Every structure is written in C-alpha cells, then in structure tokens.
Amino acid sequence: MTDTIAAVATAPGVGGIAIVRVSGPQAVEVADRVVGLPKGRLTRAAPWRLRLGWAEDEGGCRLDQVLAVVMRGPRSYTREDMVEVHCHGGAAAAGAVLAQLVAAGARPAEPGEFTRRAFLNGRLDLAQAEAILGLVNARAEGGLRVAAGQLAGALSAEVRRLRGGLLQVAASLAVAIDFPEDVEVEPPTLAAIRTELAALVETGRAGQIIRQGFSVVIAGRPNAGKSSLFNALLGADRAIVTEHAGTTRDFITEAVDWDGLPVTLTDTAGLRETAEPVEALGVKRARQAVDAADLILGVVDAAGDPPDTGILQELEPERTLSVWTKTDLRAPAGPGLAVSALTGEGIPELRRAIAAHSGGAVAMAGSGGPCLVSLRHQGAAARALAAVDRAEGGLRSGLPWELVALDVNEAVETLGEVTGESLRDDLLEQVFSQFCVGK
Ligand code: GDP
C-alpha cells in the first residue's frame, strides 16, 4: 500500500458541499499541489484543523474555494496520512478537484478502498468495516441502530468471546490428544457455547428483516377493500380505488419506515377464479407475492352479504392476520382485527399488530446488542453452529478426540470469518466489492 488514492466521498448530485478524500503516504504532498492557502502550505498546516483555501489547476487558476483538513496517520480513518477537501456541491467542483489530485500523483480509489485500508491497517475488523455498509444502506432507523452497534464492536465482541471459548476447548482437546495417559482430562463441554452461539444465529431472523424489510402482503377477494387498506396504512393515496372488481392487475409495493421497522407493503390483485387473461396473470402474481410474504393480511369484507371468509382458508394460518374491512358499514362476523379505511378506525391497531409479528426486530435494533444482519455473517455463524453440533455429537458418542478436534477447529475458523481473523483469499473481495467508490 505505497500509493496514494483519491475519490469523491459524497453522493453525486447537487448539494451544498462535496468531499474529496485523499489517503496514502503522499496524501498531504499531493493535496498541497492542488490546494493553495492564503498563508503557509498544507504540508505545514496543523493537522485536524480546517483551513480555507483555493483549489487550483496546474496553471494556478482557481477552480473552487475549499476547506481542507490534514489528518496525520495513524489518527485517521485509514491510519494513513489523509486529506479531505470540502468543495462546493454539484457535478463540476468535486470532479475537477479529483482530476487535479490525480494529475498531482494520486490514483483513483477502487470501491471500498479506504475502508479496506482501514481494515488492513487494523483500524477496524471485518465486521466493523461491513457496519459502514450497513450505516450507508440502512433503510430505516432500526438498521441504523444495529449498524452503529456493529461499528462500535458489539457483534465483534460477541463473536470473539464465543471463538475464545471454542479455542479453549480446542486447547484442552490438544492436551488430551498429546498426553493420553499422563493427564487426567475431563472431556470438554460445549453445551454453554452451543446455547450462546445458537442465540446469536437466532438474531439472524430479526437481522434479515432489518436488511430486507418486513414484507407484508395484502390479500383478499376483489373489492374486499384491499387497495383502500393499502392507502390507509401508507397514509397516502397510492393504489387506485374503484367500486369495480378486478382493477388491481399487478401488485404495487411501497417501502415505509414504521417506528424504525422497515416494511415493504404490497397490494395485490383480488384472488378469485377468472377467465379474463390479464386478470388471471394478476392473480398468479398475487399468489407469488403471498407465497414470499413474511406476513399476509387476509382481508375480508365485513359488509359482504354474507362475508366471504373463504379467502382465510386459502392462506397459511401461521403467516396470516385476519383483517375485517369496511367495519363502518357492519361489525365483523368472526375473529380478527376490525378496520375501516374510510374512517381510519383500527388502522393504528393493525400497524401495531404487524410490528408485533416482526419477531422483535425493532426491539433487537434498539438494544444495541449483537445482531447478524449480513448474509455473510449469518452463513458463517450457521456453519459454526453446525460444526459445534457435530463436535458435541462426537463427544457424546465417544468419537476419537482427534476427530472431535477437527470440528471444533472448523467452528473456530468459521467464526473468525465474521471478524476477519480467519482470512480466506476471496473474503476481502467478497466484502469490499459491495462498497462503492469513496468509502
Ligand atoms: P380492492 O378491490 O380489494 O382493492 O377494494 P378497493 O379498495 O378498491 O375498494 C372497493 C370498494 O369498497 C370501493 O368502492 C371502496 O370505496 C369501498 N371501500 C373500501 N374500504 C372501505 C371502508 O373501509 N369503508 C367503506 N364504507 N367502504 C370501503
């Protein structure tokens, strides 16, 4: 890592300010060639202090008035010397400053290269580096809170603790293998570690909701009041409401943040047998959406004569909330939540019921505790748990300790992938390819 890299760190588009970052051994010298100060030079500027100056081209012509700050390594994000140039927002200024920095000797940074350097220089472990991605990609406050906890080290600490416990088991197995006669060896116990690891794996359910959103699909017969309910839940007129059955042909999805819970709400075509080909296609798509949903709102028209509850038999009971609509016209004739899209009656209660079905994802996010959000972490933890299970089974059935040790070591290795303590060749590629330039 001897070269100096530069990139625009802020999102493209018009804004007040854009930031260009430079990092590497020549960062200050390179930036000094581009940023002129009214007095003195950037190379001799006090670090961690903003200085007002001008970004200039090779000929000394002014491009933009900027603020520049020098951060000397190791007290910087990458632990290298860094300079941030704060120029004016918009497409031109940051691009021109970056071009000048490259002309002055910096190389355009690869995606995620700043964070990669921070990881390689020991500033962050891999789980913390990925938390940056979580912060940037968070869709709702819940995701933000989990990512912030992960950046602060909540997940890393838990994984290290479990890995430390497994290392102790591995060590006592190694002693038992090496000195079978000399030492009185208690067979190690994995039960406590297994329970804790399983609890960590279980957080992946909430983590998945935090990452992807909790998908709620509204299903029911044509004209049951699904689109009206969809709009009432969103608090906006998004779906078309008519008195004609079969008007919603495709499904409509909206992402919302309900008290920190990211929800994707989907309105679907009414489920009924139909010979009309376009409607039939809509019904097929509706069934697919229902199959993929975390939670289904099974909508029954309370004003129906009699109410058609057949829909509830078509939906999986474990994933379905029964919702009676149009209860301003008639009271529900069966169990379930009563709502009226017209008056708004029951809508807040329905939202609360939906949140309650999200497996405590928001509570998990608010706790600041460890939570497996990324697929990569979920996969590694699940594989580690499987290896611990095999080791436990081996101990119970009196398998040779050499064989048990293999499984314990595999669990140690696999858990190490979360924090980056075990580095497979492709691991860094896999992680940092998800970043964009400037992070
Ligand atoms: P969808 O086909 O299931 O999406 O049903 P819509 O939302 O399009 O509603 C069908 C009809 O029922 C429309 O004429 C709506 O105005 C009416 N409707 C929907 N919800 C309510 C409600 O809560 N109260 C009353 N009184 N009418 C409703």
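Residue numbers here run from 1 along each chain, matching the order of that chain's written sequence. pLDDT decides what is reported in this predicted model: residues at 70 or higher carry local features, side-chain atom pairs at 80 or more are listed and counted, and totals for whole chains, interfaces and linings draw on all residues regardless. Side-chain calculation: all heavy atoms of the structure are included, whereas hydrogens and water are not.

Participant: Mind laying out the nonpolar core, listing which residues take part and the relevant values?
Facilitator: Remark: nonpolar core denotes a set of buried residues (Ala, Val, Leu, Ile, Met, Phe, Trp, Tyr, Cys) joined through side-chain atoms within 4.5 Å. Three labels apply to residues, based on accessible area from a 1.4 Å probe with only protein chains included: buried if under 20% of the type maximum, exposed if over 50%, partly exposed otherwise in between. Ranked by internal contacts, the top residues of the largest apolar core, which has 31 residues, are Val216, Ile218, Leu229, Leu233, Leu297, Leu350 and Ile354. Contact between two residues is taken to exist if any of their heavy atoms lie within 4.5 Å; hydrogens are not considered. Setting aside residues up to four positions removed in sequence, Val216 forms contacts with Val263, Thr264, Leu265, Thr266, Leu295, Leu297 and Ile354.

Participant: Pulling in residues and values, what's your account of the site of the ligand?
Facilitator: When we say a residue is near a molecule or strand, we mean one of its heavy atoms is within 4 Å of it. Taken together, 16 residues lie near the ligand, and Lys226, Ser227, Ser228, Asp328 and Ala341 sit nearest. What qualifies as a polar contact is a pair of N or O atoms within 3.5 Å, subject to a donor-acceptor requirement within protein and to the restriction that residues adjacent in sequence count only when both atoms come from side chains. The backbone of Ala224 places a nitrogen or oxygen atom 3.2 Å from an oxygen atom of the ligand. At 2.8 Å, a backbone N or O of Ser227 approaches an oxygen atom of the ligand. When the ligand is considered free in solution it has 580 Å² of accessible area, and contact with the protein chains removes 84% of it. The method behind every accessible area is Shrake-Rupley, applied with a 1.4 Å probe, and residues are considered shielded solely by the protein chains displayed.

Participant: Report on the layout of surface pockets, specifying residues and quantitative values.
Facilitator: Taken as a whole, the largest pocket encloses approximately 400 Å³ of empty space. Within this scheme a cavity is a closed region of a 1 Å grid, computed over the protein atoms alone, that accommodates a 1.4 Å probe without allowing it to escape, whereas a pocket is open but has protein on both sides within 12 Å along at least five of seven lines; lining residues each have an atom within 4 Å of a point. As for the largest pocket, its lining consists of 19 residues, and the residues nearest its centre are Leu133, Gly134, Arg211, Val373 and Ser374. For the lining of the largest pocket, the secondary-structure elements that each account for two or more residues are helix 4 (126-137), helix 5 (141-152), helix 7 (191-212) and helix 13 (375-396). Counting residues per element, the lining of the largest pocket draws most heavily on helix 4, which supplies 5 residues. Following the grouping adopted for this structure description, the nonpolar residues are Ala, Val, Leu, Ile, Met, Phe, Trp, Tyr, Cys and Pro, the charged ones are Asp, Glu, Lys and Arg, and the polar ones are all others, Gly among them. Broken down by class, the residue content of the lining of the largest pocket amounts to 8 nonpolar, 7 polar and 4 charged. Grid points are joined across faces, edges and corners, and a volume is the space filled by probe spheres set on the points. Secondary structure elements are taken from DSSP: a helix is a run of H or I of four residues or more, a strand is a run of E of two residues or more, and numbering for both begins at the N terminus.

Participant: Now, about helix 7: what can you tell me, with residues and values included?
Facilitator: Expected span of a helix: the number of residues minus one, times 1.5 Å. Taking 1.5 Å per residue, 22 residues should reach 32 Å; helix 7 reaches 32 Å between its end C-alpha atoms and fits that length. What is called the bend at a residue is the angle between a pair of axes, fitted to the seven residues leading up to and ending at it and to the seven starting from it. The largest bend in helix 7 comes to about 35°, at Ala206. The positive-phi residue at the C-terminal boundary of helix 7 is Gly213, with phi of around 90°.

Participant: I'd love a proper account of helix 1 (residues 27-34), names of residues and values included.
Facilitator: The element helix 1 is extensively covered by neighbouring structure, given that 6 of its 8 residues are classed as buried. Buried within helix 1 we find Ala27, Val28, Val30, Ala31, Asp32 and Val34. Those residues of helix 1 hidden inside the fold are in contact with strand 2 (17-23), strand 3 (35-36), strand 4 (51-56), strand 5 (62-71), strand 6 (82-88) and helix 2 (91-103).

Participant: Go over the side chain of Ser156 with me, naming the residues and quoting the values.
Facilitator: Residue position: Ser156 is located in helix 6 (residues 154-178). Among residues more than four places away in sequence, those in contact with Ser156 are Asp125, Ala127, Gln128 and Thr419.

Participant: How would you explain the pairing of strand 10 (residues 261-267) if you had to name every residue and give the values?
Facilitator: Counting buried positions along strand 10 gives 7 out of 7 residues, so the element sits mostly inside the fold. Neither face of strand 10 is open: one carries Leu261, Val263, Leu265 and Asp267, the other Pro262, Thr264 and Thr266, and all of them are buried. The pairing criterion is simple: DSSP has to find at least two bridges between the two strands. Sheet topology places strand 9 (residues 252-258) next to strand 10; 7 bridges connect them, and they run antiparallel. Bridged to Glu254 within strand 10 is Leu265.

Participant: An account of the sheet that holds strand 6 is needed here, citing residue identities and associated values.
Facilitator: Strand order in the open sheet formed by 7 strands is 3-4-5-6-2-1-7, with mixed pairing between adjacent strands. Across the chains shown, the open sheet's two edge strands, defined by having one partner strand only, are strand 3 and strand 7 (107-108). Summarising the sheet, strand 2 and strand 6 pair through 7 bridges and their orientation is antiparallel. Bridge pairing in strand 6 places Ala18 opposite Cys87.

Participant: Summarise a nonpolar patch on the surface; cite the residues concerned and give the values.
Facilitator: A cluster of nonpolar side chains, namely Leu50, Leu52 and Leu67, defines an oily patch on the protein surface of about 260 Å² accessible area. In this structure, Leu50 sits in the loop between strand 3 and strand 4. Here the term patch refers to residues with relative accessible area over 30% and no salt bridge, with like charges joined within 9 Å and nonpolar side chains (Val, Leu, Ile, Met, Phe, Trp, Tyr) within 5 Å. By salt bridge we mean one thing: a side-chain nitrogen of Lys or Arg within 4 Å of a carboxyl oxygen of Asp or Glu.

Participant: Pulling in residues and values, what's your account of empty space enclosed by the protein?
Facilitator: Per the stated rule, a full pass over the model turns up 1 cavity of 30 Å³ or more. As a volume, the largest cavity reaches approximately 30 Å³. Taken together, Val146, Gly149, Gln150, Ala154, Leu155, Gly368, Gly369, Pro370 and Cys371 make up the lining of the largest cavity. Only helix 5 and helix 6 provide two or more residues apiece to the lining of the largest cavity.

Participant: Explain the pattern of salt bridges residue by residue, including any values.
Facilitator: A complete count under the given rule lists 25 salt bridges for this structure. Taken together, the shared-partner salt bridges in this structure form one network comprising Asp3, Glu80, Arg107, Glu113 and Arg117.

Participant: Account for the packing of aromatic side chains, with residues named and values stated.
Facilitator: Think of it this way: a Phe, Tyr or Trp ring, Trp meaning its six-membered ring, pairs with another when their centres are within 6.5 Å, and the plane angle makes it stacked under 30 degrees, edge-to-face over 60, tilted otherwise. Counted under the stated rule, the structure contains 2 aromatic pairs. Seen in terms of ring centroids, Phe119 and Phe432 are 6.5 Å apart; in terms of plane orientation they differ by 40°. Their pairing is tilted. Of the two residues, Phe119 is situated in helix 3 (residues 113-120) and Phe432 in helix 15 (residues 427-432); the sequence distance between them amounts to 313 residues. On the accessibility criterion, Phe432 (2% relative accessible area) is buried. Of the aromatic side chains, those joined through ring pairs into one cluster are Phe119, Phe432 and Phe435. Across from the ring centre of Phe114, 5.1 Å away, lies the NZ or CZ of Arg21, which sits over that ring. The positively charged end of Arg62 is found above the aromatic ring belonging to Trp54, 4.5 Å away from the centroid. For a ring to carry a charge above it, either NZ of a lysine or CZ of an arginine must fall within 6 Å of the ring centroid while also lying within 35 degrees of the normal to the ring plane.

Participant: Quick one: what's the story with the pairing of strand 4, residue by residue and with numbers?
Facilitator: Relative to strand 4, strand 3 runs antiparallel, the two being bridged by 2 bridges. For Val35, the partnering residue across the bridge sits in strand 4 and is Ala55. Once strand 4 ends, the chain turns through 5 residues before running back antiparallel as strand 5, passing Gly60 with a positive phi of about 85°.

Participant: With reference to specific residues and values, describe the packing of helix 8 (residues 226-234) against helix 11 (residues 347-356).
Facilitator: Interaxial angle, 0 to 180 degrees, is taken between N-to-C directions of lines fitted to C-alpha atoms, where a helix line uses only the stretch in contact. At their nearest, the axes of helix 8 and helix 11 sit 10 Å apart, and the two run at 80° to each other. What the angle tells us is that helix 8 and helix 11 run roughly perpendicular. Side by side, helix 8 and helix 11 meet where Leu229, Ala232, Leu233 and Leu234 of the first sit next to Ile347, Leu350 and Arg351 of the second. Roughly parallel refers to an angle under 35 degrees, roughly antiparallel to one over 145, roughly perpendicular to one between 65 and 115, and oblique to any angle outside these ranges.

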